[in-house]
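What follows is each chain in one-letter form.
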Amino acid sequence: MPVESPLSHGQLFSWREIERYPEDWLAEANLPATWDLRGLSTGQVTAALERLVERHEALRTTYHPGGDGPVQHVHEGVAPPIERVDRIVTDPSEHERTKAELVALPFPMAGDLNWRGRMVSSGGAPVYLSLTFSHLIVDLWSIHHLQDEFKALTSGAGAVAPAGPPPRELARRQRGAAWRPRQESAERYWRGVLAEGLTDELPTLPARVKRERLELTLHSRRLGGLAAEAARRHGVTAPAVMMAFVAAGLARQLGTDRVTMSLMSSNRFAPEDQHLIGTMNQLVPVVTEVDRRATLAEHIKRLHWAGARAYRHGSYDVDRIAEVAGAAGPAPEHGCWINHLFRAWFNYIQVDRRPCDPADQTPAELAWTPLAQPYGQAFRVRIEVRGGRTSVLMLADPEVLPAPAMIDIMRTIPLGMQLALTDPGRALKDLWSAGEELPPALFPSRLPEPPG
């Protein structure tokens, strides 16, 4: 019989977020991975996968609605849900097509395992394993950790990192007396955010409701390298530098001197959570002033410290926070607290460990997505660093931020990055009148036409 348990804060947040997706967009919750199997035997791969499932409860957990909220069922043993295919592999990029095929298949939120894979062999010899996980059970950190464990298990060295606490143990801890001060601190932080006010210029939508959105993506190999250099110069992090100029561009377009950005917190700051396989990410809002009289250096540091303070309160019971928000003001007419509380969000993901080169002169690319995600927040920026390339994905409601406004915000990011290194004493209000030329490696001179 499976063991039933309430959800941890991260699991509950993922459930509340994913349940607002339209049914035909549930695959947006999927996280892909591809593992190289060359040089391994089928027996080695099978044994390692079985050991991973045995070690980590998240891989044998199903979710189920409950009277007081969703619950998790941890099963004693499950067979790894891996499809096995043997075929001649001649195209070195075939794994990308397999990954795209698997990641497009949605998982049911309840009643089934939320991961699957396909092991491709050629002439009986394993070549690669393509995996897809729902964000309901793991986050990107967990996937990297699983891959490291898999490599250790198949290497024969026998040294595997210690397993972290299972999610149901974390859920028990978060509901205990020792955690109560953290919960109360998070609630005080949220009351402060609500008292200062959210970014009311950004409208919110009901769950599962679609609306026209625009999505613009900037790809640059040089941008991430400059962000790292600027971070070192100002004593902050690369995500903080990026967010500082996203916030500056958004404030300029909304005509405000204060913005609320919701940050994605990994919630893995405690040593005991470093090896936990589960979903820990939660959005946490940060209300910050955008002072146009401040220097670029001052603006960057203000955003950095505001974000650092927010991260301290990144783990909380989202249902309880909805109750706190309801007590502080009227509930949203549409009833979707996730969309109401997180109106604009910023996320920075380092997918792999390859650094970006600040001297790379590969031309940047700017492109509109033909079919943008049509639900959720009115403004979202997701920065993904993969293979030495930085991709900035910006999603916006065109009634609030039309295409020219989105391009202006997007251009503000590399412009601010460049000036943060060359002229950090410049006032923020002079950022857009600097007459600064952006090299093709940071921003293309020819702008694409928006769709439609």
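Here, every reference points to the structure presented above.
All chains use their own residue numbering, which begins from 1 and follows the written sequence. Selection of residues for local features in this predicted model requires a pLDDT of at least 70, selection of side-chain atom pairs for listing and counting requires 80 or more, and totals for whole chains, interfaces and linings are taken over all residues. Derived side-chain values reflect all non-hydrogen atoms in the structure, with water molecules and hydrogen atoms excluded from consideration.

On to the pairing of strand β5 (residues 82-86). A pair of strands counts as paired when DSSP detects no fewer than two bridges linking them. Secondary structure elements follow DSSP: runs of H or I no shorter than four residues count as helices, runs of E no shorter than two count as strands, and numbering proceeds from the N terminus. Relative to strand β6 (residues 115-122), β5 runs parallel, the two being bridged by five bridges. Bridge pairing links V85 to V120 in β6. Chirality of the crossover, the property in question, places the unit of β5, helix α3 (residues 94-103) and β6 among those that are right-handed. Handedness is read with the strands pointing away from the viewer; a crossover is right-handed when the path from the first strand over the helix to the second is clockwise.

What follows is about the sheet that holds strand β14 (residues 389-396). Here seven strands make up an open sheet; going across it, the order is β10-β9-β11-β13-β14-β8-β12 and the pairing mixed. Because the sheet does not close on itself, it has two edges, and the strands there are β10 (282-289) and β12 (365-368). For this sheet, the mean inter-axis angle between neighbouring strands, taken without regard to orientation, is 20 degrees. Across two bridges, strand β9 (residues 258-265) lies against strand β11 (residues 344-350) in parallel orientation. Looking at β11, one finds that S262 is bridged to W345. Throughout, a contact is declared for two residues whenever any of their heavy atoms are within 4.5 Å. What counts as an axis is a line fitted to C-alpha atoms, over the stretch in contact for a helix, and the angles between N-to-C directions run from 0 to 180 degrees. This element, helix α6 (residues 180-196), spans β9 and β10 of the sheet and lies at about 45 degrees to β10.

Bringing the packing of helix α2 (residues 42-55) against helix α4 (residues 140-155) into the picture now. Taken N-terminus to C-terminus, the directions of α2 and α4 make an angle of 130 degrees; their axes are 9 Å apart at the nearest point. When the axes of α2 and α4 are compared, the pair comes out oblique. α4 is crossed by α2, and the crossing has right-handed handedness. Between α2, through Q44, V45, A48, L49, R51, L52 and R55, and α4, the contact on the second element is made entirely by L146, E149, F150, L153 and T154. Along the lines of polarity and charge, the residues of the contact of α2 with α4 split into seven nonpolar, two polar and three charged. Each angle gets one of four labels, with under 35 degrees taken as roughly parallel, over 145 as roughly antiparallel, 65 to 115 as roughly perpendicular, and the rest as oblique. Crossing handedness is defined as follows: a turn of the near helix away from the far one that is anticlockwise and smaller than a right angle gives a left-handed crossing, while the clockwise case is right-handed. Amino acid classes used here: Ala, Val, Leu, Ile, Met, Phe, Trp, Tyr, Cys and Pro are nonpolar; Asp, Glu, Lys and Arg are charged; the rest, including Gly, are polar.

Now for α2. The span expected for a helix works out to 1.5 Å for each residue beyond the first. With 14 residues, α2 should reach 20 Å at 1.5 Å per residue; the first-to-last C-alpha distance of 20 Å fits that figure. Relative accessibility decides the category of a residue: with a 1.4 Å probe and only protein chains considered, values under 20% of the type maximum give buried, values over 50% give exposed, and everything between is partly exposed. Among all positions of α2, only V45, T46, A48, L49, L52 and V53 are buried. Along the axis of α2, the buried positions cluster into a sector of 165 degrees, meaning they face one direction only. Considering only its buried residues, α2 is in contact with β2 (30-36), β5, β6, β7 (125-134) and α4. By construction, the arc corresponds to the directions joining the helix axis to the C-beta atoms.

With that settled, consider the packing of helix α8 (residues 238-254) against helix α12 (residues 403-422). Between α8 and α12, the least distance of the axes is 8 Å, while the angle of their chain directions is 135 degrees. In terms of their interaxial angle, α8 and α12 are classed as oblique. Relative to α12, the crossing made by α8 is right-handed. Seen from α8, the contacting residues are V241, M242, F245, V246, G249, L250, R252 and Q253; seen from α12, they are A405, D408, I409, T412, I413, G416, M417 and A420.

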